[in-house]
Amino acid sequence: MSDERIDTREERVTELYHFFLNYVDPATKEYKYKDRLHELPSQPRRFKILRVDFDDLVISLPEIAMELSRDPRTVIEYMQEAAYEALANIRPLDAEAMSKDEIHIAIVGEAAGTELRIRDISSAYVGRLITISGLLVKLSQVYLKLHKAMYVCTNEDCGEEIIREARFIGEEPTPPKECPSCKRKNTFRIDPRRTIYKDVQFARIQEKPEELPPGQIPRFIDIVLEEPLIDVAYPGEYVRVVGILDIDRVKSREARYQFRLVALSMESLGKENVETKLTKKDIEMLKEMSKSPDFYDKILRSFSPSIYGHRHVKEALLLAIIGADDKVLPDGNRIRGRIHVLLVGDPGVAKSQLLKYAVQIAPKGIYTSGRGSTAAGLTAAVIKDPGGGMSLEAGAVVLADMGICAIDEIDKMRNEDRVAIHEAMEQLTVSVSKGGIIATLNARTTIIAAANPKGGRYNPHLYFTDNVNLPPTLISRFDIIHLMRDIPDPKADEELIDHIIMAREGEKVYEDTFSPDFLKKYILYAKRLKPVFTEEAYAKLKEFFLSRRKKYDPDTGTMPITNRQFEALIRIAEASAKAHLREVVTVEDAEIAINQLNKFLREVAFDEESQEVDVTSILVGQSKKVSKVHTVLDIISEMQDEVDGNPVPIEEVIKRVVEKTRLKDPDEIARLLDKMHDQGLVTYPQPGLVSIVGKRRKK
Ligand code: ADP
Ligand code: MG
């Protein structure tokens, strides 16, 4: 080391020493770092954290701040030394009990070093101070690493002792190769009792979903977190990490090295999207615009304008994105405010498109398919590290905590996820217990999902629950379910095609709509509002609910509506008030809620036979009553089983139906069979014979 270098070192340490002792926070007029140093010894871990705001350095010691960005390893060592000397000045006894490398300098602040997007990390920054932010997707268990190791020569006649220290965070001491005393090679062992270990944890940070360019695989970077930076944030949280970019060897044949970030600090930024910010001006503008009578309509028109029609589906998705607030009752019970929406429909009716659009404008929106795109699946998983340990990895529903998770093709979901998703939709958490790790992760996520019918196309003659491959317990967690059927209709078809052509060819469908960026801001503001219910709104909902309840039929057990739907009504009305940017929930909001629910119940829970809504069919899985079509199908199936699956005579079918069921009119049964034939439920393989479609001959 040249003399000049030693001079700089001493100079720098002295400057930093004075900075720590004398820096006064301009806002609070307190000795910021002196106070922090005072508190330092009382921290519970061996390694203590001293948070240093990069901005303070920039103001007080700009040259050192620059050096810190360029050569963080060197300057962090200066800072450790200076902090230790400052501590020795104010708390000499405590300082004596520790050593300077036990002070962890945690550089914090948005401007620390170079702020990089994960996508932009390159080898040009290796060894430099960088700041990144993203979504924490994975956190390992706590491992131990050597910090200060005592090596003892195992040669009995020798017993030489050597202490080796880790030179810097992220590194380990190198064991001595040859004993300097007895000159033998590789004789050293570690004496664990006289060795200092340090806790270490590995994390993975992924690009924020909203920053991800469409169609790209999210990039990530692995983070090394050493004591005291243990458990400072959990999977699903947005974090900012300030650290030193480093290169790590990997054990794969294709690639030799990868980046890793040795963290100086990691801070949780909470759960919300921090990118879109609302200014006072934005809020003024939104308030002004909301006064226009067609404001809400224009918002709905702006929701995925390239998709024709489906206004009520768009409205349901918008209300889900905005949502109501969770309520905590005086007895401690929590009522969820999140509105879950399920779209069930024929292929090609724009379910996926609408979900993708919703996620684009929703704060913290994540789109995933039911199969799950990572090993963590939809919820969370405990995953084996390459090193043999365990990591907790968050799946989409946890990553979208406090946001929206769109699950496309939810009917294809894995069985493990079915259980966990229940919990996520009703409670606010997801639990994992596997490989010795038991964890509960927050999942205050709104679920918007789409499912295709079991048989390819929706069959209106089957019950809803028989049409979708989802357990009724899960179906009943959705506040709104909309059916999207693809039924040819000359007029509507022409309009749809014209619309698709217009959306492709020009601006016309986007005329007089708000941009997605505007919608993002609008949603952010709407979410913040806390509208209060008017008595009239409550009265309207109550009246609707009670009038529906009156339709209860004790003979058949037809259940028109349940308390669950009343809670849904309240949530939807509150969300509607927010969507109108109102401070109060009005009768109009109550009507919007009633319309949404009515449409949903009529589409999904309508019982053809009684011409009434029967929610039992979606809540329990089957209605107490069986539809006529079902009755006849059951009889044919039973008869075909008796003859090895061969077709059976129609006449006998009719006879048995009359014998065994409530259907007594042979002509009606014959007509029903013809209808079932037209709908493709049964075939007539020969005149006078009938067979259920898909029924196989038994061997
Ligand atoms: P699904 O997920 O329901 O099977 P998709 O979202 O994949 O359907 O839609 C299929 C295609 O049809 C998409 O390109 C979509 O834009 C188009 N499409 C379907 N319905 C509409 C509509 N109402 N307006 C405009 N385009 C539509
Ligand atoms: Mg689809």
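Just above sits the structure.
The structure displayed is predicted, hence computed values, not measured ones.

Peer 1: Even after reading the chapter, I still don't get the packing of helix α7 (residues 280–289) against helix α16 (residues 516–528), so can you show me in this structure?
Peer 2: When two helices pack together, you describe them by how their axes are tilted relative to each other and by the distance separating the axes. Interhelical geometry of α7 versus α16 gives an angle of 85 degrees and a closest axis separation of 11 Å. As the angle between them shows, α7 and α16 are arranged roughly perpendicular. Taking contact as the criterion, the partners of Asp282, Ile283, Met285, Leu286, Lys287 and Met289 in α7 are, on α16, Phe518, Lys521, Tyr522, Tyr525 and Arg528.

Peer 1: Help me understand the site of ligand 1, please; the structure alone is not making it clear to me.
Peer 2: The immediate surroundings of ligand 1 are formed by 14 residues, with Tyr308, Gly348, Lys351, Ser352 and Gln353 found nearest. Note that an oxygen atom of ligand 1 is positioned 2.7 Å from one of the backbone N or O atoms of Gly348. Its free accessible area being 560 Å², ligand 1 has 72% of it covered by the protein chains. Of the residues in the shell around ligand 1, the class split is seven nonpolar, five polar and two charged.

Peer 1: Help me understand a nonpolar patch on the surface, please; the structure alone is not making it clear to me.
Peer 2: Judged by side-chain polarity, Leu496, Ile497, Ile500 and Ile501 come together as a nonpolar surface patch covering roughly 320 Å² of accessible area. Relative to the elements of secondary structure, Leu496 occurs in helix α15 (residues 490–505). A relative accessible area of 31% places Leu496 in the partly exposed class.

Peer 1: Any chance you could explain the nonpolar core here in plain terms?
Peer 2: Soluble, globular proteins show a tendency: their nonpolar side chains are buried together. Ranked by size, the top nonpolar core spans 111 residues in total, and within it Phe464 and Tyr522 carry the most contacts. Counting contributing residues per domain, this core is built from domain 2 (118–268) and domain 3 (280–528), each supplying no fewer than three. Apart from residues no more than four positions distant in its own chain, Tyr522 is found in contact with Leu286, Phe295, Ile299, Leu318, Ile322, Ala579 and Leu581. Ranked by size, the runner-up nonpolar core spans 40 residues in total, among them Leu68, Ile76, Met79 and Ala83.

Peer 1: Explanation requested: unusual backbone geometry in the structure shown.
Peer 2: Where the residue is not glycine, phi is negative for most of them; where a peptide bond is considered, it is trans in most cases. Residue Glu227 is joined to Pro228 through a cis peptide bond whose omega torsion reads 5 degrees. Mapped onto the elements of the fold, Pro228 is located in the loop between β9 (220–226) and β10 (238–249). Within the chain, His310 stands out as a residue other than glycine whose phi angle is a positive 55 degrees. For His310, the position within the fold is in the loop between α8 (295–302) and α9 (311–322).

Peer 1: Explanation requested: the pattern of salt bridges in the structure shown.
Peer 2: It is possible for side chains bearing opposite charge to pair when their charged atoms get close. Counted under the stated rule, the structure contains 46 salt bridges. Two residues, Glu638 and Lys660, come together in a salt bridge whose shortest N-O distance is 3.1 Å. Taken together, the residues Glu638 in helix α21 (residues 628–642) and Lys660 in helix α22 (residues 650–660) connect sequence positions 22 residues apart. A relative accessible area of 29% means that Glu638 is categorised as partly exposed. Between Arg656 and Glu642 there is a salt bridge, with the nearest N and O atoms lying 3.0 Å from each other. Taken together, the positions of Arg656 in helix α22 and Glu642 in helix α21 put the pair 14 residues apart, joining distant regions of the chain. Exposure remark for Arg656: the relative accessible area of 19% places this residue in the buried category. Through salt bridges with shared partners, a single ionic network connects Asp25, Lys32, Arg36, Asp53 and Asp56.

Peer 1: Help me out: how do you make sense of the packing of α9 against α16 in this one?
Peer 2: In contact at an axis separation of 9 Å, α9 and α16 are set at 60 degrees when each is read in the N-to-C sense. The angle between α9 and α16 falls in the class oblique. Contacts between α9 and α16 involve Leu318, Ile321 and Ile322 from the former and Tyr522, Ile523, Ala526 and Lys527 from the latter. Within the contact of α9 with α16, the residues separate by chemical class into six nonpolar, no polar and one charged.

Peer 1: Help me out: how do you make sense of the sheet that holds strand β27 (residues 648–649) in this one?
Peer 2: Picture the strands of a sheet paired through backbone hydrogen bonds; they go either parallel or antiparallel. Pairing is antiparallel in the open sheet, where three strands are placed in the order β27-β29-β28. Only two strands of the sheet have a single neighbouring strand rather than two, namely β27 and β28 (682–683). Note: β28 against strand β29 (residues 689–692), two bridges, orientation antiparallel. Paired with Thr683 across the bridge in β29 is Ser691. Along the sheet, α21 contacts β27, β28 and β29; its crossing angle with β29, the most-contacted strand, is approximately 100 degrees.

Peer 1: Explain the packing of aromatic side chains here, please?
Peer 2: Scanning all chains against the criterion turns up 13 aromatic pairs. When the centroid spacing of 6.4 Å and the interplanar angle of 45 degrees are considered together, the rings of Tyr458 and Phe464 count as tilted. Here Tyr458 matches Phe464 in class, with each residue buried. Members of the aromatic cluster, each reached through a chain of ring pairs, are Phe19, Phe20, Tyr23 and Tyr33.

Peer 1: Would you mind showing me how to read the sheet that holds strand β21 (residues 446–451) here?
Peer 2: Read across the open sheet, the five strands follow the order β15-β18-β21-β14-β22; overall the sheet is parallel. Every other strand in the sheet has two partners, leaving β15 (365–369) and β22 (480–484) as the edge strands with one partner each. Strand-to-strand twist of the sheet, defined as the mean angle between neighbouring strand axes without regard to direction, takes the value 15 degrees. With five bridges connecting them, β15 and strand β18 (residues 404–408) associate as parallel partners. Along β18, the bridge assignment pairs Ser369 with Asp408.

Rules used in this analysis
- Residues numbered from 1 in each chain as written.
- Chains lettered and ligands numbered in written order.
- Predicted model: local features only at pLDDT ≥ 70, side-chain atom pairs only at ≥ 80, totals over all residues.
- Heavy atoms only, no water.
- Axes fitted to C-alpha atoms, helices over the stretch in contact; angles between N-to-C directions.
- Helix = DSSP H or I, 4+ residues; strand = E, 2+ residues; numbered from the N terminus.
- Parallel < 35°, antiparallel > 145°, perpendicular 65-115°, else oblique.
- Contact = heavy atoms within 4.5 Å.
- Near = heavy atom within 4 Å.
- Polar contact = N/O pair within 3.5 Å; in protein donor to acceptor, adjacent residues only side chain to side chain.
- Areas by Shrake-Rupley, 256 points an atom, 1.4 Å probe, with all protein chains shown as cover.
- Nonpolar A, V, L, I, M, F, W, Y, C, P; charged D, E, K, R; others polar.
- Patch = residues over 30% accessible without salt bridge, like charges linked within 9 Å, V, L, I, M, F, W, Y side chains within 5 Å.
- Salt bridge = Lys/Arg side-chain N within 4 Å of Asp/Glu carboxyl O.
- Buried < 20%, exposed > 50% of the residue type's maximum accessible area, 1.4 Å probe, protein only.
- Core = buried A, V, L, I, M, F, W, Y, C linked by side-chain atoms within 4.5 Å.
- Domains from an automatic or database assignment.
- Pairing = 2+ DSSP bridges.
- Phe/Tyr/Trp six-rings, centres within 6.5 Å; stacked < 30°, edge-to-face > 60°.

Limitation: the analysis is restricted to geometry and does not speak to function.
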